[in-house]
Each structure stands twice: as structure tokens, then as C-alpha cells.
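Structural description and commentary
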Amino acid sequence: MRHHRIAAIGGDGIGQEVIPAGLDVLRALQERCGDFALEVEEFPWGSDFYRETGRMMPEDGLETLKRFDAIYFGAVGDPHLPDDLTLWGLRLNICQNFDQYANIRPTRVLPGLQSPLRGVGPGDIDWVIVRENSEGEYAGHGGRAHRGQDIEVATETSIFTRVGVERIMRTAFRIAASRPRKLLTVVTKSNAQRHGMVFWDEVAAQVAKDFPEVRMEKELVDAMAARFVRKPGSIDTVVATNLHADILSDLAGALTGSLGIAPTANLDPERRFPSMFEPIHGSAFDITGKGVANPVATFWTACMMLDHLGEAAASARLMRGIEAATAGGVLTPDLGGSASTKDVTEAVIAAIRGDNQ
Ligand code: NAD
Ligand code: MN
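Residues numbered from 1 in each chain as written. Chains lettered and ligands numbered in written order. Predicted model: local features only at pLDDT ≥ 70, side-chain atom pairs only at ≥ 80, totals over all residues. Heavy atoms only, no water.

Moving on: the site of ligand 1. Not every one of the 21 residues close to ligand 1 is listed here, only the nearest: D83, G282, A284, D286 and N294. Note that an oxygen atom of ligand 1 is positioned 2.8 Å from one of the side-chain N or O atoms of D286. Within the backbone of N294, an N or O atom sits 2.9 Å from a nitrogen atom of ligand 1. Starting from 800 Å² of accessible surface for ligand 1 in isolation, the protein chains cover 71%. Within the shell around ligand 1, the residues separate by chemical class into 9 nonpolar, 6 polar and 6 charged. (Near = heavy atom within 4 Å. Polar contact = N/O pair within 3.5 Å; in protein donor to acceptor, adjacent residues only side chain to side chain. Areas by Shrake-Rupley, 256 points an atom, 1.4 Å probe, with all protein chains shown as cover. Nonpolar A, V, L, I, M, F, W, Y, C, P; charged D, E, K, R; others polar.)

Running from amino to carboxyl end, helix α7 (residues 221-230) crosses helix α8 (residues 242-255) at an angle of 10°, the nearest separation of the two axes being 10 Å. Between α7 and α8, the angle is such that the two are roughly parallel. The segment α7 lies against α8, with V221, M224, A225, F228 and V229 engaging H244, L248, L251, A252 and L255. The residue inventory of the contact of α7 with α8, partitioned by class, reads 9 nonpolar, 1 polar and no charged. (Axes fitted to C-alpha atoms, helices over the stretch in contact; angles between N-to-C directions. Helix = DSSP H or I, 4+ residues; strand = E, 2+ residues; numbered from the N terminus. Parallel < 35°, antiparallel > 145°, perpendicular 65-115°, else oblique. Contact = heavy atoms within 4.5 Å.)

This part is about α8. For α8, built from 14 residues, the straight-helix expectation of 20 Å at 1.5 Å per residue is met to within 8% by its first-to-last C-alpha distance of 20 Å. In the segment just after α8, G257 is the residue with positive phi, at about 130°. (Expected span 1.5 Å × (residues − 1).)

Our focus in this paragraph is the packing of aromatic side chains. Given two aromatic rings, their pairing is described by the distance between the two centres and the angle made by the two planes. Under the defined criterion, the tally for this structure stands at 6 aromatic pairs. Consider the rings of F98 and F273, whose centres lie 5.3 Å apart with planes at 10°: the pair is stacked. With F98 in the loop between α4 (83-97) and β4 (102-108) and F273 in the loop between β11 (263-267) and β12 (275-279), this pair connects stretches of sequence that are 175 residues apart. Judged by its relative accessible area of 25%, F273 falls in the partly exposed class. An angle of 40° between the planes, with centres 4.4 Å apart, marks the rings of W127 and F228 as tilted. Of this pair, W127 sits in strand β5 (residues 126-132) while F228 is found in helix α7, placing the two residues 101 residues apart along the sequence. (Phe/Tyr/Trp six-rings, centres within 6.5 Å; stacked < 30°, edge-to-face > 60°. Buried < 20%, exposed > 50% of the residue type's maximum accessible area, 1.4 Å probe, protein only.)

Here the structure, examined in full by the defined rule, presents 26 salt bridges. When the shortest N-O distance is used, the salt bridge between R167 and D99 registers 2.9 Å. Residue R167 is found in helix α5 (residues 162-177), and its partner D99 is found in the loop between α4 and β4; the two are separated by 68 residues along the sequence. When its relative accessible area of 19% is taken as the criterion, R167 is described as buried. (Salt bridge = Lys/Arg side-chain N within 4 Å of Asp/Glu carboxyl O.)

The feature "domain: Isopropylmalate dehydrogenase-like" (unreviewed entry), as annotated in UniProt, sits at residues 5-348 in this numbering. Measuring from the first to the last C-alpha atom of residues 5-348 gives 23 Å, for a span that is 40% helix and 22% strand. (UniProt positions renumbered as here; feature names shortened; annotations may be inferred.)

As C-alpha cells, this is what we get:
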């Protein structure tokens, strides 16, 4: 029996609804597979914890998390607290300190779902977006001077390091090499941003030499946004900076039906620290407590977590369970259905129990 230690953090809002649903599904999967065991510990960190203790997570929270093989995370965000406090206090604190530099975002139209693009359905979009998750435009460098005066100036400096660009490129090339089409689109804005983005193109060309099996192409980010909509079938693996990929991947999520199905993994590919698996969406206060949060993104990210833990068969079985539910029309309101979080969870568990592959 293989053992894996999972830290589960529901966080805020619907995070506290979808993570328990994900844990129910993982328990059923464990029973069905029978060859691995997940030792799950749940942590009540987030905005309520902040109101009690003045911190989003305990001072030794990172030390505690280091003992785990993976982190299963819901969302943060509270209507009565500043977003930068909740985000930096928990989620970004973990991402930055555990150097989870590769943010991986699979994008696919699931069976039974439709893209808002006319005529685009399952099979027409199958992408992996690789987002640089540690530097670039979100490095936090910059400042303000001469506040309130006519000469006031604010800067927001992008930081690109050779180590940082090369490691995300290698990750993207490895992913592209593992996929049937072996196509990698390197997204930049190197016509206008002539320092960091030209550097990014140079490093891409150097790393490409180590992956002769991958076909690499370049695209400017604005043209890429248009191509997402106009020619979705021409795209396979995409690598882009922190800001560019942030924007492109929300567009990608929308093009596959709902934010409620889009998963992501914050990886430390070198495995020095635990990686973190989460839905892309936030705490969604507008639907919190109503029992209608779509748990599919949280289930799909569990597939990514299982792959990371070396449980590929269990991951594939869970994906078949998710697809059985969507193909069977068990859909939450964000996808036009009337199913509850619980209905979708039960449909996936039933499919896992009945899965004979
Ligand atoms: P959001 O993702 O929470 O919600 C956007 C819209 O999508 C809402 O209408 C919501 O109801 C809907 N939605 C999102 N997930 C859904 C799901 N699983 N099922 C059904 N519908 C779903 O984004 P927002 O409204 O911009 O932000 C709300 C809070 O979440 C803010 O405090 C924000 O800072 C935070 N946030 C956190 C994360 C994170 O923790 N990773 C990501 C994004 C936003
Ligand atoms: Mn974003």
C-alpha cells in the first residue's frame, strides 16, 4: 500500500464546500482502487481564522505544511477583508515560500458541455497553459514617489531572471513533449517589451535545442487572445509570463464553459516542497451557502494531485468519473443545470464505484 500525506485547506466561501466534496470523492476513489492510502489532515485556515487570531494561518503554518506530500486548497477571499490581505496571507504565502514556480492549467471542453464559441464542443479545445508563477510582472518590485503632485510617478517593474525563465521553459517543453501533438507556443510581447520579453524569446530558443521533438512557435499575447477565439483547434501547449498567462487562462476557462470547472496546479517540479492543487475560481460569496458551487474544478485538480503523487491509474479513474457526471447532464447552475454540489459529488462517486476499467 502506498501512502500519501495531504493537507486540506478549504479556506473561505465555497472553498469550504468544494474541498469537503473533493475529500468525499477521494475517499471513494481510494476504496475503489485499494492500492494507495491518503492520510488527510484538514486545516481551518482563512478569514475566520484571521478574525480569531489576526493571521490567515499560524506563524508556523509553513513548517506544518512541509510535512505533507501535497496541499489541496479551496479559495480565499472575504467580503469584509481586503483581497490583498487574504491572498498574500495564505495562498501567495504558500506559493512563494514553497517556490511553486510552475502554474499548470489544463483546458478542455468536457463531454456534455459546450463552449460559448459557436460549434465548439468536446475535442475541439485541448490545451495546457503553463504560467510562470514566481516572478515577472508580479514580482512586487516598484514604488511611488511625489504622492499627490503633478510629478507623481508609480512604477511596476517586471523581473525576469535566467534561472526563472529557463526553469519555466524547461517545464513547458517537457509538458509539450509528453503530449501527442508536441506543439509549444511561446507567448510574449517582444515587439513592445524589448528587455524582458526579448530575453524570454532568447531563452526559449536555447532550451528548444534540448527538445528537438517539440515544435516551437512564437506568438504575441494580443494575437494569442484572438487566436484562442478564432482558431482554438490550432493550440496545444502554451507558455507565458505571470501576467499574460493569468489573463489568457481566465479567457481559456470561459471558453470551456465555466470558471467552475477550471483546475490548476502550483508545482514545485523539483519537489523540494509540497505542491498545491486548487480550482482557479475564488470564494464566490454570491453563491456561498447555497449548496450550488460547481465542484468539478476541485475534482479535476485532485486528478492533477494524484498524477503528481504517482497515482496515474487513480487519476484516470477519477477523470472518467467526472466525465460520466458531465456527460450524464448532472450539471450545476453555472453550466445551465439544476444539480447541487451534493448531486454532482454523488454522481461522480457512483461512477467511480461502477467503473470497471
Ligand atoms: P470568483 O471566482 O469567486 O467568482 C466569479 C464568478 O464565478 C461568481 O459569479 C461566482 O459565483 C462564479 N463561480 C466561481 N466559482 C464557481 C463555482 N465553483 N461554481 C459556480 N460558480 C462559480 O471570483 P471573484 O468574484 O472575482 O472573487 C471573489 C473572492 O475570491 C475575492 O475575494 C477574490 O479575491 C477571491 N479570489 C480568490 C482566488 C483564490 O483563492 N485562488 C481566486 C480568484 C478570486
Ligand atoms: Mn487570475
